[in-house]
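# Chains, contacts and geometry: an overview
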There are 2 protein chains.
Amino acid sequence: MLENIDLGKTISEEDFDSVNPELEARLARCQRAARELKIPVIILFDGWDAAGKGNAINALAQVLDPRGFKVRSFVRSTAVERMWPWMWRYWQVLPAAGGWAIFDRSWYDRALFDKVGNGKGASPPRAVEDIRDIEHHLVESGAVLIKFWLHIDKKEQRKRFRRLKENESTAWKVTPDSRRQNRHYEEWLAATDAMLEATSTATTPCTVVEATERRYVRFKVLETIVEAVEREIKRRRTIPALLCRPMPEPDAETLARKTLLDQVDLNRKLEAAEYRDRLGRLQARLFELEHELYVARVPAVIIYEGWDAGGKGGNIRRLTRALDPRGYEVVPVGPPTEEEKSRPYLWRFWRAVPKAGHIAIFDRSWYGRVLVERVEGYCSDHDWQRAYGEINEFERQLADFGAVIVKFWLHIDRAEQLRRFEARQGNPEKQWKITEEDWRNREKWDLYRVALDDMIAQTSTARAPWTIIEANDKLHARIKALQTVADSLGQRLRRQ
Amino acid sequence: MLENIDLGKTISEEDFDSVNPELEARLARCQRAARELKIPVIILFDGWDAAGKGNAINALAQVLDPRGFKVRSFVRSTAVERMWPWMWRYWQVLPAAGGWAIFDRSWYDRALFDKVGNGKGASPPRAVEDIRDIEHHLVESGAVLIKFWLHIDKKEQRKRFRRLKENESTAWKVTPDSRRQNRHYEEWLAATDAMLEATSTATTPCTVVEATERRYVRFKVLETIVEAVEREIKRRRTIPALLCRPMPEPDAETLARKTLLDQVDLNRKLEAAEYRDRLGRLQARLFELEHELYVARVPAVIIYEGWDAGGKGGNIRRLTRALDPRGYEVVPVGPPTEEEKSRPYLWRFWRAVPKAGHIAIFDRSWYGRVLVERVEGYCSDHDWQRAYGEINEFERQLADFGAVIVKFWLHIDRAEQLRRFEARQGNPEKQWKITEEDWRNREKWDLYRVALDDMIAQTSTARAPWTIIEANDKLHARIKALQTVADSLGQRLRRQ
């Protein structure tokens, strides 16, 4: 992508002055329309040290309404940030619908620095996939993503460093890392070219800006942004929004099909004495494992999904009783808040990713997208269909970071669910647990059955397998869950 | 508070077993009722090293529903955290309404460590006031705040350190800081006693727990929590909620009273040529000052308040055009989101506090509490009345951290406002700026006049003075605002 760039490109002052006012007016209209249509705009500025990122951002900021954008500067990652997957810090600052985020250095800078800069060794193992995943997720979620690479050649960079060093107030900008970049310019060039190439797709193109002349940079950056945002605005105004509709009744054939869950032996039981004995031993083991995780800085993600009244709460409690509360967090997942709805779907889960050495226990999870949201039509067909892939990618990134991932489906049959619902309704201490919605969900058992079967087929992976828990007998279910957690953690720790 | 503590207190196993099941059942009911009544519960565990905070938190966590609480562990502050006022990290993690937060070490630990521990010198200058302020704000906002100090004597502490060191898996818990605490036990005792004394009030009492026997700790902690939460639940269920009502029409006498704002000379004007000249020079100066702030690590808070159509947007834009966008953030303040409403009022502003060396520009601010919320009755009389004090305390904490605080009121008269409203309505590019609400607010001019007069009288302080900007002439208004910012920053930097 960088081989045939004409770095001599310029724009004359007259030409600039004749097009610029109109460009600025269009940009202001873009910002208002994006706010109105709730389109988030994300602009990445990467490029060679001293290529003029700061100037380009300044120029842009002067035209935009300052109440509608945020500049996010990413310096090299801190020790605290390295306690999370490398994409974590970018996820934190994604703009809400209608907001603009300007990234002063982005994931490209981090990935390249780790690859060819001084960060060698600390690099994310699959940076290109991770970048493709987040960019794809952003664009699919309706964001306009604009990526700039500000390009200058080796000689120009050296000249700029010299000029910066002449002035006391700018000399600090030339760091040992910058000088090293110039010395290894060719190596950087090759790596950059490969990375931009590998991450440029039709929907996530990168714009290489010939950055020798400052005025030209300003012109090209503004023009690129205006055209990209106008295109999306036009698309939104002409193409109807995707339909959200409840899941249709499955046909007879689909209903009759045996699923994996139909083969589960729900008669499995445990005697109380054996339960007490095993529970005590497992809890003691888990307490030790939690400490070992902490020392080894291994994070763990434990997901509980299951039928209403499947026993998630009681099961989680048996697990947490084994643990030191300073090492785990239970994350209850309900309907998204307004703030969460105005971000890409996975945003709220990225915010809850555990840090190295800690355990996050999800009481329901991102799988809501392909269960309740699909069944009730809270999202479009396109949204839940693409979610399988997004979820697999998300879990892959967690696994790459070293996380243990355990996913439970607490399975009961319809008759057992009815028994539990009725028992709850009859018990004044437990009535609060049962709502109208639970009864409504029960009516949709067959729809969930189909959605579940798809979910398990699409998202069982070696790094994040589903464990089906036979949960008609609560004692069996608890022991199986705790045993699975203990085995998974133990296995992972032995690999350290 | 610590002199007459009987550290020999114990509870027999039989007594414990006879009261504990009932205590646990009450605690579970407390948690459900608190969720239902939307009462946040904040529990602080501080105490001597090795006094058993971890055990107490463990015991508590085993009884609570793990989906309803979070444990927040505070280790000694990191370099990143020290870029914000010391209370900042506690504000970030306040629970939402109905949630429980358990602090494993709190602001007491930090303040004491900085005072008598190894953190000497880095200490917050007015820790006691800061603690009293946050605790008062929490309780006034409807939280139950429970504070524990786990107490053991010097000999017992030494004994525990010895025992911890005997075991390989616990030896790491005895740090050089712990040993130093034991050596300087008496100094710590005196400082702790003074601090607990100074921060214990009728509504924010501290419970000293005689922590020699683990079982007794468990009993006393549970009992204290249950009683405190039950008390608040009962209060909520019996005492009617405070009334929220729109501000009543002021009486004739109040209306006739000349206010400070009536004396403002709205005829002040600036010629275009002088404006351009001064603007250019001021912007150049501000660009330098921003850099100097950054180098000196001084944060700045600039607040824009003013009448609708007072010219805030254009004024802010003239300021931000002078600045490098990587050094400032504009924070537009609108109606609070659901998440913000479920926290103490100042929570969302604490989240937006700029870090050292950065500038936050607030487009509307915390003063909404005593303006729109008071006038429209979005909060109770008690809420806005106490807000003056809370705001002054908040700004004092910012000032203690070294922040420059500049507060603008953009003042126009009613006739000028009408002219601007009509001009906006007549201009297709500006129609979006004017809403029904603006017209409704205009009807309440007299109410705002009274609220404003109170606001300025109650919240003008030497460290955070109000600057009234005569804004009928936009050019004058912009220059005065930029000049004020430049003077304030310059003055502060000369003090460095």
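Note that the structure is a prediction, hence the values are computed from the model and not measured.

### Looking at the relation of the copies chain B and chain A
- The two copies are related by a screw motion: chain B maps onto chain A through a turn of 180° and a shift of 0.0 Å along the axis, at an RMSD of 0.0 Å. Here the copies are linked by what is in effect a two-fold axis.
- By residue overlap, the copies meet face to face through one surface: 100% of the interface positions of chain B are interface positions in chain A.

### Section: helix α7 (residues 176–183) of chain B
- All buried positions along α7(B) are accounted for by B:Ser178, B:Gln181 and B:Asn182. The buried residues of α7(B) occupy an angular sector of 100° when the element is viewed end-on, so they sit on one face.

### Focus: the pairing of strand β1 (residues 41–47) of chain B
Residue and element names in this part refer to chain B.
- Burial runs high along β1: seven of the seven residues are buried.
- Summarising the sheet, β1 and strand β4 (residues 144–151) pair through seven bridges and their orientation is parallel. Counted as the bridge partner of Asp 46 is Trp 149 from β4.

### Some words on the sheet that holds strand β10 (residues 466–470) of chain A
Residue and element names in this part refer to chain A.
- The five strands lie next to each other as β7-β8-β6-β9-β10, forming an open sheet whose pairing is parallel. Only two strands of the sheet have a single neighbouring strand rather than two, namely β7 (328–332) and β10. The mean inter-strand angle of the sheet, taken between neighbouring strand axes irrespective of direction, is 20°.
- With five bridges joining them, strand β6 (residues 300–306) and strand β8 (residues 359–363) adopt parallel strand pairing. Residue pairing across strands places Tyr 304 opposite Asp 363, the latter belonging to β8.

### Observations regarding a positive patch on the surface
All names here are of chain A.
- The grouping of Lys 155, Arg 158, Arg 162, Lys 165, Arg 179 and Arg 183 at the surface amounts to a positive patch.
- Those elements that provide at least two residues to the positive patch are α6 (154–166) and α7 (176–183).
- The greatest single-element share of the positive patch, amounting to four residues, is contributed by α6.
- Along the polypeptide, Arg 183 turns up in helix α7.

### Considering the nonpolar core
- Counting 307 residues, the largest nonpolar core has A:Trp100, A:Trp107, A:Trp366, B:Trp100, B:Trp107 and B:Trp366 as the members making the most contacts within it.
- In contact with A:Trp366, not counting residues within four places along its chain, are A:Val301, A:Ile303, A:Tyr345, A:Leu346, A:Phe349, A:Ile391, A:Phe394 and A:Glu395.

### Focus on the interface of chain B and chain A
- Chain B puts 40 residues into the contact, and the matching count from chain A is 40 residues.
- Both sides of the chain B and chain A interface together cover about 3,700 Å² of buried area, and 50% of this is carbon and sulfur.
- By the criterion of area lost to chain A, the three top residues of chain B are B:Pro66, B:Arg67 and B:Arg326, representing 19% of everything that side buries.
- Between A:Asp104 and B:Arg326 there is a salt bridge, with its nearest N and O atoms 3.5 Å apart.
- Linking chain B to chain A there are 10 residue pairs in polar contact (both at pLDDT 80 or more).

### Quick notes on the side chain of A:Thr320
- Looking at the secondary structure, you find A:Thr320 in helix α12 (residues 312–320).
- For A:Thr320, a relative accessible area of 3% translates into the label buried.
- Looking at A:Thr320, its side chain comes within polar contact range of the main-chain oxygen of A:Arg317, at 3.2 Å.
- Beyond its immediate chain neighbours, meaning those up to four positions away, A:Thr320 contacts A:Tyr328, A:Val330, A:Ile361 and B:Pro66.

### Considering the packing of helix α5 (residues 127–140) of chain B against helix α16 (residues 381–400) of chain B
All names here are of chain B.
- Across the interface, α5 lies against α16 with an axial gap of 11 Å and an inter-helix angle of 155°. Taken as axis vectors, α5 and α16 run roughly antiparallel relative to one another. α5 and α16 meet at a crossing whose hand is left-handed. Of the residues in α16, those in contact with Glu 129, Asp 130, Asp 133, His 137 and Glu 140 of α5 are His 382, Arg 386, Glu 390, Glu 393, Arg 396 and Gln 397.

### Structural notes on the packing of helix α16 (residues 381–400) of chain A against helix α19 (residues 445–459) of chain A
Residue and element names in this part refer to chain A.
- Closest axis-to-axis distance for the α16/α19 pair is 10 Å, and the angle between their directions is 45°. The angle between α16 and α19 places the two elements in the oblique class. Relative to α19, the crossing made by α16 is right-handed. Of the residues in α19, those touching α16 at Tyr 388, Ile 391, Asn 392 and Glu 395 are Asp 454, Met 455, Gln 458 and Thr 459.

### What to know about the pattern of salt bridges
- Summed over all chains, the structure comprises 98 salt bridges over all chains.
- Where A:Lys480 meets A:Glu470, a salt bridge forms, and the shortest distance between an N and an O atom there is 3.2 Å. Of the two residues, A:Lys480 sits in helix α20 (residues 474–495) while A:Glu470 sits in strand β10, which places them 10 residues apart along the sequence.
- Of the residues examined, A:Glu470 reaches a relative accessible area of 7% and is grouped as buried.
- Between B:Arg449 and B:Asp262 there is a salt bridge; the shortest N-O distance is 2.9 Å.

### Section: unusual backbone geometry
- The backbone of A:Arg297 shows a phi angle near 60°, a positive value even though the residue is not glycine.
- Residue placement: A:Arg297 occurs in the loop between α11 (272–296) and β6.
- We classify A:Arg297 as exposed; its relative accessible area is 52%.
- A positive phi angle, close to 65°, is found at B:Ala309, a residue other than glycine.
- Counting through the fold element by element, B:Ala309 comes out in the loop between β6 (300–306) and α12 (312–320).

### Some remarks on the environment of B:Gln62
- Relative to the assigned elements, B:Gln62 resides in helix α2 (residues 53–63).
- When its relative accessible area of 27% is taken as the criterion, B:Gln62 is described as partly exposed.

Definitions and cut-offs
- Sequence order sets the numbering: in each chain, residues are counted from 1 along the sequence as written.
- The naming scheme follows written order: chains are lettered A onward, ligands numbered 1 onward.
- Whole-chain, interface and lining totals are the exception, using all residues; otherwise, since this is a predicted model, local features are given only for residues with pLDDT of at least 70 and side-chain atom pairs are given and counted only at 80 or more.
- The basis for every side-chain value is the complete set of heavy atoms in the structure, and neither hydrogens nor water enter the calculation.
- We place the copies in one frame by least squares, fitting the C-alpha atoms of every residue whose pLDDT is at least 70 in both.
- Only heavy atoms enter the contact rule, under which two residues are in contact if any of them lie within 4.5 Å.
- Partly exposed residues are those whose accessible area sits between 20% and 50% of the maximum for their type, while under 20% is buried and over 50% is exposed, using a 1.4 Å probe and protein chains only.
- Labels follow the DSSP assignment, with helices taken as runs of H or I lasting at least four residues and strands as runs of E lasting at least two, numbered in each case from the N terminus.
- Note: the arc covers the axis-to-C-beta directions of the helix.
- Two strands are said to pair when DSSP picks up at least two bridges between them.
- To define axes, lines are fitted to C-alpha atoms, for helices over the stretch in contact only, and angles between the resulting N-to-C directions are given on a 0 to 180 degree scale.
- For patches, a residue must show more than 30% relative accessible area and have no salt bridge; joins then use 9 Å for like charges and 5 Å for nonpolar side chains, namely Val, Leu, Ile, Met, Phe, Trp and Tyr.
- We get accessible surface area from the Shrake-Rupley algorithm with a probe of 1.4 Å; when it comes to residues, only the shown protein chains can shield them.
- In what follows, salt bridge is the name for a side-chain nitrogen of Lys or Arg lying within 4 Å of a carboxyl oxygen of Asp or Glu.
- Working convention for charge: Lys and Arg count positive, Asp and Glu count negative, and His plus the chain ends are omitted.
- A single reference atom marks each charge: NZ on Lys, CZ on Arg, CG on Asp, CD on Glu.
- The criterion is simple. A nonpolar core is a set of buried Ala, Val, Leu, Ile, Met, Phe, Trp, Tyr and Cys residues joined through side-chain atoms within 4.5 Å.
- Accessible-area loss on putting two parts together, using a 1.4 Å probe and summing over both, is the definition of buried area adopted here.
- Polar contacts here mean pairs of N or O atoms no more than 3.5 Å apart (in protein, one a potential hydrogen donor and the other a potential acceptor; neighbouring residues in sequence count only if both atoms are side-chain atoms).
- Convention used here: angles under 35 degrees read as roughly parallel, angles over 145 as roughly antiparallel, angles from 65 to 115 as roughly perpendicular, and any remaining angle as oblique.
- Two helices crossing with the near one rotated counterclockwise from the far one by less than a right angle form a left-handed crossing, whereas a clockwise rotation gives a right-handed crossing.

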